[in-house]
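Architecture at a glance
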Amino acid sequence: MKIFQKELIKNQYFNSLAWADSLAKDFCDHLKSIGQYDDSIVVFTGDHGEEFQDHGGWLHVSSLEDEQVKVPMLIKWPKSIGRGPKVAEASHLDLMPSLLHHLLDDATPLDTAGVSLLSSPPARTSIATTAQGGITKEAMLLTREGYKAFFTWPHYFDGRPGTELTLTRLIGPEGDIELTSHEEYDAALKQYFPDAFERFFESFELKIK
């Protein structure tokens, strides 16, 4: 019975995807019909993914696992500049700097948490947050080059981390990273996410769960 219900929910999801695809096609066809497609910037992305019991959760806002937070992001640039560079890892925070980069004639936007995807950015830390941490109560995720750090904090449900962060999990390309002391975890975070604390945090007290 549970398997049957899971397949029903998946089919509803696939139907929604097909409907969204048809809307995207209609929109692009309209731009072409009025002669604006080649000069337009078109962005397709999503605000979240969906989980189908992959980690014990349903749909979204119950965890920060890949199924719920990793989404496609496609940018069609004007024909005059051709295809933008293919970037393996990007963030929604990169959208505004990328658009400004083009609109400001290649000027690099300053003081933004994201980076321009037109500049073939180097590896850097991405951040995902939620005010609904589900069973784990994990409300923030840092990712960089296969490493992941999950955090929670008091009153995580208000969506605003204060000066106290608790590291709940640290994962590397080979699996869970288990260390023996607070100092080792602190050093590991600075090694695996060297840019994160300058970009996303001012000051905080780190705790280890």
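Structure: above.
Being a predicted model, the structure only gives us computed values, none of them experimental.

Turning next to the side chain of Gln-68. Relative to the assigned elements, Gln-68 resides in helix H2 (residues 66-69). Within the structure, the side chain of Gln-68 is placed 2.7 Å from the side chain of Glu-51, a separation counted as a polar contact. With near-sequence residues (within four places) excluded, Gln-68 lies in contact with His-48, Gly-49, Glu-50, Glu-51, Leu-59, His-60, Val-61, Ser-62 and Ser-63.

Across the five residues of strand S6 (residues 140-144), five count as buried, placing the element largely inside the fold. Residues Met-140, Leu-142 and Arg-144 point to one face of S6 and Leu-141 and Thr-143 to the other, with burial holding for every one of them. Note that strand S5 (residues 126-129) and S6 share four bridges and pair antiparallel. By the bridge assignment for S6, Thr-129 is matched with Met-140. With five bridges joining them, S6 and strand S7 (residues 147-152) adopt antiparallel strand pairing.

All right, on to unusual backbone geometry then. A positive phi angle, near 50°, is found at Glu-145, a position not held by glycine. Along the chain, the position of Glu-145 falls in the loop between S6 and S7. Residues other than glycine seldom take positive phi values, yet His-155 does so here, at roughly 55°. Structurally, the position occupied by His-155 is in the loop between S7 and strand S8 (164-172).

Parameters and conventions
- Residues numbered from 1 in each chain as written.
- Predicted model: local features only at pLDDT ≥ 70, side-chain atom pairs only at ≥ 80, totals over all residues.
- Heavy atoms only, no water.
- Helix = DSSP H or I, 4+ residues; strand = E, 2+ residues; numbered from the N terminus.
- Polar contact = N/O pair within 3.5 Å; in protein donor to acceptor, adjacent residues only side chain to side chain.
- Contact = heavy atoms within 4.5 Å.
- Buried < 20%, exposed > 50% of the residue type's maximum accessible area, 1.4 Å probe, protein only.
- Pairing = 2+ DSSP bridges.

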